[in-house]
Amino acid sequence: MDSGTVNRPVKGVLATIGNTPLVELTSLIPGFGGRVYGKLEFFNPGGSVKDRSAASMILSKIRSGELEPGRSVVVESSSGNLAIGLAQICRYYGLRLICVVDAKTTEQNLAILRAYQVGLSMVSEPDAETGEFLSVRKQRVQELMAEIPHAYSPNQYSNPLNPAAHERTMAEIAHALDGKVDYLFCSTSTTGTLNGCAAYARAQGLSTTLVAVDAVGSVLYGLPAAPRLIPGHGASVPPALLDPAVPDRVVHVSDLDCVVGCRMLVQREAILAGGSSGATVSALRRLRSEVPDGATCVLIFPDRGDRYLDTIYSDGWVITHFGEATHLWKDDDVEV
Ligand SMILES: Cc1ncc(COP(=O)(O)O)c(C=O)c1O
């Protein structure tokens, strides 16, 4: 075995956060004149890009002494990838974590959080006026913070340590490509990933075109709120971190665009990824005619597809929701 390619042992699972693979995708878009790379963030140990945000928001507080294992309690309104990232870090350091979740949280995510011994505070009734759970969840966090001594809420929507984590995400991409990153396609929710990548790119003077990939029905970049099926990306309320001036381009993708992108990714590149990864594939297809030959395009793939088997990768689910358009995701030779 070539010892140059062997990873040396590291101390503890958290040391494996980051340094995710960057993979060239040669079959994804036939005839495309640019080079396409996927940043496989699902290689993080908790399974998503949010491991980086969680580590950033918790580790600095442990180092500063503000969070004390055995004493402090972390409280966050999250039932998705951030919750799992926090669960891993809090378990590792023996910090108690309470996640405020709601009736829409998937059974699988609840099971994962229970496995990490996370305390779950379930919000079962949405806001009577809006029908949304978000405001009720925020209220519950405030109540828990007031009740529990030594409580800390990271609040990923406003915490600058969230985007700060992703300066390294972009640094990894830039170093791997010797600084030649012409386009970065990044899905958005808190906008932490995009803002952190942008901060690094601008500070280093990279000429990268930053493409925010948002969901149709998300309010981040000027569209009205509307129901969305695919979790992870998009936001129903603008987060404090949002700076609409950060992206050079914004592409809105529908739920069906995510399905089509995900199905292409698995069919053509054997990568089983989550909905927001498929979103970036669809966004690149949308902009392909504008991308000059030879340009380098990087797509960030935030999580893997296993948690979407009952939705995006279920033919029954797709037919139920998008029946008429099934040719778009079934045809091997689909025109791109
Ligand atoms: C699957 C997935 N994609 C994209 C995002 C968006 O990332 P950010 O919150 O950094 O904008 C998230 C955020 O939780 C996510 O879970």
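For the structure itself, consult the block above.
A quick note: this is a predicted structure, and the numbers were derived from the prediction, not measured. (Residues numbered from 1 in each chain as written. Predicted model: local features only at pLDDT ≥ 70, side-chain atom pairs only at ≥ 80, totals over all residues. Heavy atoms only, no water.)

Caption draft 1: View of the overall build of the protein chain. Scanning the protein chain from N- to C-terminus turns up 10 helices and 10 strands. In terms of C-alpha radius of gyration, the protein chain reaches 20 Å, essentially the compact-globule figure of 20 Å for 336 residues. Dimensions of the protein chain, computed from the C-alpha atoms along their principal axes, are close to 60 × 50 × 40 Å. Classification of the 336 residues of the protein chain by burial places 53% in the buried group. Within the protein chain, residue pairs in contact and separated by at least 24 positions form 71% of the contacts whose partners lie at least 6 positions apart. Counting every atom, the protein chain has about 15,100 Å² of accessible surface; 50% of that belongs to carbon and sulfur. Seen as two clouds, the 29 positive and the 36 negative side-chain charges of the protein chain have centres 6 Å apart. (Helix = DSSP H or I, 4+ residues; strand = E, 2+ residues; numbered from the N terminus. Rg over C-alpha atoms; globule rule 2.2 N^0.38 Å. Buried < 20%, exposed > 50% of the residue type's maximum accessible area, 1.4 Å probe, protein only. Contact = heavy atoms within 4.5 Å. Areas by Shrake-Rupley, 256 points an atom, 1.4 Å probe, with all protein chains shown as cover. Lys, Arg positive; Asp, Glu negative; His and termini not counted. Charge placed at Lys NZ, Arg CZ, Asp CG, Glu CD.)

Caption draft 2: Spotlight on the site of the ligand. By nearness alone, 14 residues border the ligand, and Lys50, Ser189, Thr190, Thr193 and Ser276 come closest of all. The separation between an oxygen atom of the ligand and a polar side-chain atom of Asn81 is 2.9 Å. Compared with its free state, where it exposes 390 Å², the ligand has 95% of that area covered by protein. Residue composition of the shell around the ligand, grouped by class: two nonpolar, 10 polar and two charged. (Near = heavy atom within 4 Å. Polar contact = N/O pair within 3.5 Å; in protein donor to acceptor, adjacent residues only side chain to side chain. Nonpolar A, V, L, I, M, F, W, Y, C, P; charged D, E, K, R; others polar.)

Caption draft 3: Inspection of helix H4 (residues 134–147) at higher detail. Between its terminal C-alpha atoms H4 stretches 20 Å, which fits the 20 Å expected from 14 residues at 1.5 Å a residue. Buried within H4 are the following residues: Arg137, Val141 and Leu144. Projected onto a plane normal to the axis of H4, the buried residues spread over an arc of 65 degrees and lie on a single side. Of the exposed residues in H4, those oriented more than 90 degrees away from the buried face are Gln142, Ala146 and Glu147. Elements in contact with the buried residues of H4: strand E3 (73–77), strand E4 (96–102) and strand E5 (119–123). (Expected span 1.5 Å × (residues − 1). Arc of directions from axis to C-beta.)

Caption draft 4: Spotlight on helix H9 (residues 315–322). Within H9, the full set of buried residues consists of Trp317, Val318 and Phe322. For H9, the angular spread of buried residues about the axis comes to 95 degrees, placing them on one side.

Caption draft 5: Molecular detail of the environment of Ser121. Summarising the element assignment, Ser121 is placed in strand E5. Accessibility expressed as a relative area gives 11% for Ser121, which makes it buried. Discounting chain neighbours no more than four positions away, the residues touching Ser121 are Ile98, Cys99, Val100, Val101, Arg140 and Leu144.

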